[in-house]
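For reference, the chains in residue letters:
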Amino acid sequence: MRLTELMGEFEGLDSTERLELLVELGDELPPVSETRGPAPFPPECRVQECQTAVHLWVEVQAGQVALEADVPRKSPTVRGLVTLLVLGLQGASPAEVLAVPEDLIGQLGLADALGMTRRQGVQGMIRRIKQAVLAELPADKPVP
């Protein structure tokens, strides 16, 4: 799981540098695959907890989590947060994803720099990812 590595890049930075790194990270969000089609995306893909239009797809393929997301470029901070999740959790096991703390913003040291609305949005994305992972696991098998 690459999330721990990405989070490590925020250590030792002041809040301004952390926000700059987050915005830069947003430039690395992979485009949505052609199978998802161009916007407008289906409403069920929209993360309702986010004020920004965040669309998220979560699948478990061969025991690994696959994520795709679309976030407008005009929302660079939110795009950075989503990119952190997409790149950080891509290829992770379901157990690794289910262990991700919901207070990711606090762990990044951005709680003071980012408001409650963004914190709730990130928590909503993490819950949604976890729910989707759980929904794709066989009901008769425990989480690996």
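In this report, we go over the structure that sits alongside the text. (Residues numbered from 1 in each chain as written. Predicted model: local features only at pLDDT ≥ 70, side-chain atom pairs only at ≥ 80, totals over all residues. Heavy atoms only, no water.)

As for the pairing of strand 1 (residues 55-61)
For step 1, the next point in the chain: Summarising burial for strand 1: five of the seven residues are buried, a large majority.
For step 2, the next point in the chain: Judged from the seven bridges that link them, strand 1 and strand 2 (residues 64-70) form a sheet pairing that is antiparallel. Paired with Glu 59 across the bridge in strand 2 is Ala 66.
For step 3, the next point in the chain: In this structure, the hairpin formed by strand 1 and strand 2 is closed by a connection of two residues, where Ala 62 is found at a positive phi of approximately 50°. (Buried < 20%, exposed > 50% of the residue type's maximum accessible area, 1.4 Å probe, protein only. Helix = DSSP H or I, 4+ residues; strand = E, 2+ residues; numbered from the N terminus. Pairing = 2+ DSSP bridges.)

Focus on the pattern of salt bridges
Pairing is possible between side chains that carry opposite charge, provided their charged atoms lie close to one another.
For step 1, the next point in the chain: Counted according to the given criterion, the structure contains five salt bridges.
For step 2, the next point in the chain: For Glu 59, the salt bridge identified is with Arg 36, shortest N-O distance 3.2 Å. Of this pair, Glu 59 sits in strand 1 while Arg 36 sits in the loop between helix 2 (15-26) and strand 1, and the two are 23 residues apart along the sequence.
For step 3, the next point in the chain: Residue class for Arg 36 comes out partly exposed when judged on its relative accessible area of 23%.
For step 4, the next point in the chain: The salt bridge partner of Arg 36 is Glu 68, with a shortest N-O separation of 3.2 Å. With Arg 36 in the loop between helix 2 and strand 1 and Glu 68 in strand 2, this residue pair connects regions lying 32 residues apart in the sequence.
For step 5, the next point in the chain: Judged by its relative accessible area of 19%, Glu 68 is buried. (Salt bridge = Lys/Arg side-chain N within 4 Å of Asp/Glu carboxyl O.)

Quick look at the state of the cysteines
As used in these notes, a disulfide is a covalent bond between sulfur atoms, one from each of two cysteines.
For step 1, the next point in the chain: Applying the stated criterion across every chain yields a total of zero disulfides.
For step 2, the next point in the chain: The thiol sulfur of Cys 45 is not disulfide-bonded, and the nearest other cysteine sulfur, from Cys 50, lies at 13 Å.
For step 3, the next point in the chain: Since its relative accessible area comes to 8%, Cys 45 is described here as buried.
For step 4, the next point in the chain: Cys 50 sits in the buried class, given a relative accessible area of 8%. (Disulfide = S-S within 2.5 Å.)

What about the packing of helix 3 (residues 76-89) against helix 6 (residues 116-136)?
For step 1, the next point in the chain: The interhelical angle for the contact between helix 3 and helix 6, taken along N-to-C directions, is 25°, at an axis separation of 11 Å. In terms of orientation, helix 3 lies roughly parallel with respect to helix 6. Handedness of the crossing formed by helix 3 with helix 6: right-handed. Judged by residue contacts, Thr 77, Val 78, Leu 81, Val 82, Leu 85 and Leu 89 of helix 3 engage Arg 118, Val 122, Met 125, Ile 126 and Ile 129 from helix 6.
For step 2, the next point in the chain: Of the residues belonging to the contact of helix 3 with helix 6, the class tally is nine nonpolar, one polar and one charged. (Axes fitted to C-alpha atoms, helices over the stretch in contact; angles between N-to-C directions. Parallel < 35°, antiparallel > 145°, perpendicular 65-115°, else oblique. Left-handed = near helix turned anticlockwise from the far one by under 90°. Contact = heavy atoms within 4.5 Å. Nonpolar A, V, L, I, M, F, W, Y, C, P; charged D, E, K, R; others polar.)

Considering the nonpolar core
For step 1, the next point in the chain: Among the nonpolar cores identified, the biggest contains 41 residues, and Val 82, Leu 104 and Ile 129 are the most heavily contacted of them.
For step 2, the next point in the chain: For this core, the elements supplying multiple residues, two or more each, are helix 1 (3-8), helix 2, strand 1, strand 2, helix 3, helix 5 (104-107) and helix 6.
For step 3, the next point in the chain: Here the element with the most residues in this core is helix 3; it accounts for eight residues.
For step 4, the next point in the chain: With residues up to four places along the chain from it excluded, the contact list for Val 82 reads Leu 29, Val 54, Ala 69, Val 71 and Met 125. (Core = buried A, V, L, I, M, F, W, Y, C linked by side-chain atoms within 4.5 Å.)

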